[in-house]
Amino acid sequence: MKNEAARQAASLLAEAWQMGMTLRELPEPCRPRTAAEAYRVQDLLTAELDFPVGGWKIGCTSAVARRLLKARGPFAGRIFASRIFDSGVTLPSAGYRVRGLEGEFAFRLGRDLPPRKRAYGRAEVKTAVAALHPAVEIVDSRYTDWLAVGVASLIADQGVNGALVLGKAVRGWHDLD
């Protein structure tokens, strides 16, 4: 995917995010075909929107979700800080077209895990986590029929995240199995 095509895809998605509109699909010349292309669009979308990032999500972690979306594995997406809420919030239904709800575990890091060549181990990640929260992800998409556009387009759209609602931190979570 050429840079101009990735920028066009990001621009179209940014307009959909900002205006609350949906796209049937990204036009063929700027539609990502691979995860790498989709993440490039996602990066450009984040830069164009200039919304502070409050966290990351991992989507498509179950076999059922992978079958539904025809995905080979999990994918990541950013969660914008303005779309992270505390439990008890009332959100307007008009702000979310898909309104899919997923029970989640949200981990709040107490320190950075900077990029490096080798993957972090479980123990390293666990010691970096400051809190565990039960959470509800509101799945939403900027596509009219999000199940029809393909997984690369979903990744480009921040992994179809609409919002995240956090419950109170769980005490003693390190001791849970």
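The text that follows walks through the structure, step by step, so that each part is easy to find. For clarity, every value in this text was computed on a predicted model and none was experimentally measured.

This next bit is on the pattern of salt bridges. Tallying each qualifying case throughout the model produces 10 salt bridges. For Glu 28, the salt bridge identified is with Arg 31, shortest N-O distance 2.8 Å. Assessed through its relative accessible area of 46%, Glu 28 is described here as partly exposed. For the salt bridge of Asp 140 with Arg 142, the shortest nitrogen-to-oxygen distance reads 4.0 Å. Pair check on accessibility: Asp 140 and Arg 142 agree, each one buried. Residues joined in a network through salt bridges with shared partners are Arg 24, Glu 25, Glu 28, Arg 31 and Arg 33.

With that out of the way, let us pick up the pairing of strand 6 (residues 161-166). Within strand 6, six of the six residues are buried, which leaves it mostly tucked inside the rest of the structure. Pairing of strand 3 (residues 84-86) with strand 6, which is carried by three bridges, proceeds in the parallel orientation. Residue pairing across strands places Phe 85 opposite Val 165, the latter belonging to strand 6. In terms of strand pairing, strand 5 (residues 129-139) meets strand 6 through five bridges, oriented antiparallel. The partner of Glu 137 across the bridge, within strand 6, is Leu 164.

Rules used in this analysis
Residues numbered from 1 in each chain as written. Predicted model: local features only at pLDDT ≥ 70, side-chain atom pairs only at ≥ 80, totals over all residues. Heavy atoms only, no water. Salt bridge = Lys/Arg side-chain N within 4 Å of Asp/Glu carboxyl O. Buried < 20%, exposed > 50% of the residue type's maximum accessible area, 1.4 Å probe, protein only. Helix = DSSP H or I, 4+ residues; strand = E, 2+ residues; numbered from the N terminus. Pairing = 2+ DSSP bridges.

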